[in-house]
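An overview of the molecular structure
These are the residues of each chain, in order.
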Amino acid sequence: MPEQISFSPSRGLHIITWGCQMNVYDSARMADVLRPLGYSPVDLPDNADMIILNTCHIRERAAEKVFSELGRLRQIREARKLEGKATLIAVAGCVAQAEGKELLARAPYVDLVLGPQTYHRLPEMVARIARAGGNVIDTDFPVESKFDLLPEEAAPQNEGNLTAFLTIQEGCDKFCSFCVVPYTRGAETSRPVESILAEAERLVASGVKEITLLGQNVNAYHGDWKDGTASLPKLAAILHETIPDLKRLRYITSHPRDMEQALIDAHRDNPIFMPYLHLPVQSGSDKVLKAMNRGHTADEYRDIIRRLRAVRSDIALTSDFIVGHPGETDEDFEATMQLVRDIRFASAYSFKYSQRPGTPAAGQPFQVAEDVKEKRLAVLQALLREQQDAFNASLVGTVQDILVTGIGRKPGQLNGRSPYLQPVHFDGDPSLIGQIIRVHITAPFTNSLGGHLYEQEGTAV
Ligand code: SAM
Ligand code: SF4
């Protein structure tokens, strides 16, 4: 740094994470990379020697949001400077990848700009700035894999170290008309099985009971294994056979095109697969699905769900929807509503189509008016909310296996996670944290469930 200010030997690190679970995972790994340099997490940016903004580019005004947050961080840095303390400001993630140069031109006070594939080089970047000042931009798609170079001791990311994300696949070759991911995260690649296994073993040895495998197209996974490759169901079987203390497995985000029968069957055959699947469909209209370049029809999606329910009748299904893709008519929207009525989702995310510069849909004629998108979104969300409420209510009176994840907000209360990924609250002793216990579900809430400990048949305690 050019000024007469210095870093303390033990350094504060504050990471602000926007966007998907992959960003949550990346933020945790950036903290891992920086730990050997003396950086440890602090709650407030005001106490941080380094602040990283890990950004998401998926929907509109991404860059504007970044600049407004950077304005706030700049003020924090100025205030710290008056106290003789230096602060490095870094922008990471997909906005950095897509708009790195423009970002530095508009906010030259940013020290580091790095993409999702280069954060293993963070120590080098920090050292370069310490040596020579100025700023560093590194948004390559490097030949080396960051996974080979990240530190081994990956820390669990949440819920008292009992649950963790683990990235197994990155990038996307599908080029949906609306999506920036193929441009910001690059081509589809899978991590070798050995490297995933080693990370999963370390996580479980540190107490993790439930792992969510991550990828932009996680079910397109095909990682090196022995003399060939392993698919996602094979990887899941290897994890189950090799790590007996791994109790629960999930994966996100899947594409309908890669939902092969072997994976569907694994929901019956692999006992650690939770009865939960997030399978984005985006639209129920064949015309819109074609315009989106999704590569399947609405009936093909219905057929996948029918086959999933045939092997695992209680599977909870969630999805993503986009309303107002260019060319979407009232009739197309009604086809989406019909698909939702037919499938019945446990929950879902739904978005207004947002024009992303550089994507094929952005240049298409027949963009849907903003007020039409808003109306359609409200109608769709009302139906999805009804279905979510109905799903939560359907569990009342049942007994569920709950992974106890921590202390609740009310005195005596514990928090847990249901097989269907719902938060569950119930009274119990903190010694239960980390165990999978039986809970009698008694109350449905919008985003969670309430219940009582259940000891044996007929006895709620
Ligand atoms: N790979 C996943 C798939 O194919 O379904 C989705 C990954 S994307 C990061 C997450 C969700 O963001 C998408 O499923 C889509 O619903 C939404 N999304 C992506 N681009 C969008 C856009 N331009 N406008 C609105 N929503 C968008
Ligand atoms: Fe984006 Fe489509 Fe790839 Fe999903 S499959 S990341 S929506 S391009």
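Criteria and cut-off values
- Residues numbered from 1 in each chain as written.
- Chains lettered and ligands numbered in written order.
- Predicted model: local features only at pLDDT ≥ 70, side-chain atom pairs only at ≥ 80, totals over all residues.
- Heavy atoms only, no water.
- Axes fitted to C-alpha atoms, helices over the stretch in contact; angles between N-to-C directions.
- Helix = DSSP H or I, 4+ residues; strand = E, 2+ residues; numbered from the N terminus.
- Parallel < 35°, antiparallel > 145°, perpendicular 65-115°, else oblique.
- Left-handed = near helix turned anticlockwise from the far one by under 90°.
- Contact = heavy atoms within 4.5 Å.
- Nonpolar A, V, L, I, M, F, W, Y, C, P; charged D, E, K, R; others polar.
- UniProt positions renumbered as here; feature names shortened; annotations may be inferred.
- Pairing = 2+ DSSP bridges.
- Bend = angle between axes of the 7 residues up to and from the residue.
- Buried < 20%, exposed > 50% of the residue type's maximum accessible area, 1.4 Å probe, protein only.
- Near = heavy atom within 4 Å.
- Polar contact = N/O pair within 3.5 Å; in protein donor to acceptor, adjacent residues only side chain to side chain.
- Areas by Shrake-Rupley, 256 points an atom, 1.4 Å probe, with all protein chains shown as cover.

1. Considering the packing of helix H7 (residues 193-205) against helix H8 (residues 232-242)
Two numbers describe how H7 lies on H8: the axes approach to 11 Å, and their chain directions differ by 40 degrees. Classed by the angle they form, the pair H7 and H8 counts as oblique. H7 and H8 meet at a crossing whose hand is right-handed. Together, Val193, Ile196, Leu197, Ala200 and Glu201 of H7 and Leu235, Ile238, Leu239 and Thr242 of H8 make up the contact between the two elements. In terms of residue class, the contact of H7 with H8 is made up of 7 nonpolar, 1 polar and 1 charged.

2. Notes on the environment of Leu449
With respect to the helices, strands and loops of the structure, Leu449 is situated in strand E21 (residues 449-456). With 54 residues separating them in the primary sequence, Leu449 and Leu395 have C-alpha atoms 8.6 Å apart.

3. A few points about the UniProt feature "binding site: [4Fe-4S] cluster 2" (unreviewed entry) in the protein
UniProt records the feature "binding site: [4Fe-4S] cluster 2" (unreviewed entry) at Cys172, Cys176 and Cys179, using the numbering of this structure. One can find Cys172 in the loop between strand E8 (169-170) and helix H6 (181-184). Discounting chain neighbours no more than four positions away, the residues touching Cys172 are Val181, Pro182, Gly186, Ala187, Glu188 and Asn217. Mapped onto the elements of the fold, Cys176 is located in the loop between E8 and H6.

4. So, the sheet that holds strand E5 (residues 112-114)
The sheet built from 6 strands is open, its strands ordered E2-E1-E3-E4-E5-E6 with parallel pairing. Strand pairing shows two members of the sheet lacking a second neighbour, strand E2 (39-41) and strand E6 (136-138), which therefore form its edges. Across this sheet, the average inter-strand angle for adjacent strands is 20 degrees, counted without regard to direction. Across 3 bridges, the pairing between strand E1 (residues 11-17) and E2 is parallel. From the neighbouring strand, Gly12 faces E2, where its bridge partner is Ser40. Packed onto the sheet, helix H2 (residues 62-82) meets E1, strand E3 (50-55) and strand E4 (88-92) and runs at close to 165 degrees relative to E4.

5. Description of helix H3 (residues 93-106)
For an α-helix, 3.6 residues make a turn, and residues three or four places apart therefore share a direction. Bending of H3 peaks at approximately 90 degrees at the position of Glu99. Residues Gly93, Cys94, Val95, Ala96, Gln97, Gly100, Leu103 and Leu104 constitute the buried set of H3. Packing partners of the buried residues in H3 comprise E3, H2, E4, E5, E6 and H6.

6. Let's talk about the packing of helix H9 (residues 261-269) against helix H11 (residues 298-311)
Orientation of H9 relative to H11, taken along the N-to-C sense of each, is 30 degrees, at an axis distance of 8 Å. What the angle tells us is that H9 and H11 run roughly parallel. Both H9 and H11 take part in a crossing whose hand is right-handed. Of H11, the residues touching H9 (which contributes Gln261, Ile264, Asp265, His267 and Arg268) are Ile304, Arg307, Leu308 and Val311. Split by residue class, the contact of H9 with H11 holds 4 nonpolar, 2 polar and 3 charged.

7. Some points on the pairing of strand E17 (residues 399-407)
One ladder, built from 5 bridges, connects E17 with strand E20 (residues 436-444); its direction is antiparallel. Residue Gln400 lies in a different strand from E20, and its bridge partner there is Val439. Of the strand pairs in this sheet, E17 and strand E18 (residues 413-417) are connected by 4 bridges, and their pairing is antiparallel. Across the sheet, the residue bridging to Gly406 is Asn415, located in E18. Between E17 and E18, which pair antiparallel and follow one another directly, the connecting turn spans 5 residues, one of which, Gly412, has a positive phi of 80 degrees.

8. A closer look at the site of ligand 1
Near ligand 1 you find 16 residues, and of these Gln216, Gln282, Arg294, Asp320 and Ser354 are the closest. Between ligand 1 and the protein, one listed contact pairs an oxygen atom with a side-chain N or O atom of Gln282 at 2.7 Å. Interatomic distance of 2.9 Å between a backbone N/O atom of Ser354 and a nitrogen atom of ligand 1. Contact with the protein chains covers 90% of the free accessible surface of ligand 1, which is 560 Å². Where the shell around ligand 1 is concerned, the elements lending two or more residues are strand E15 (316-323) and strand E16 (347-352). Taken together, the residues that form the shell around ligand 1 break down as 6 nonpolar, 5 polar and 5 charged.

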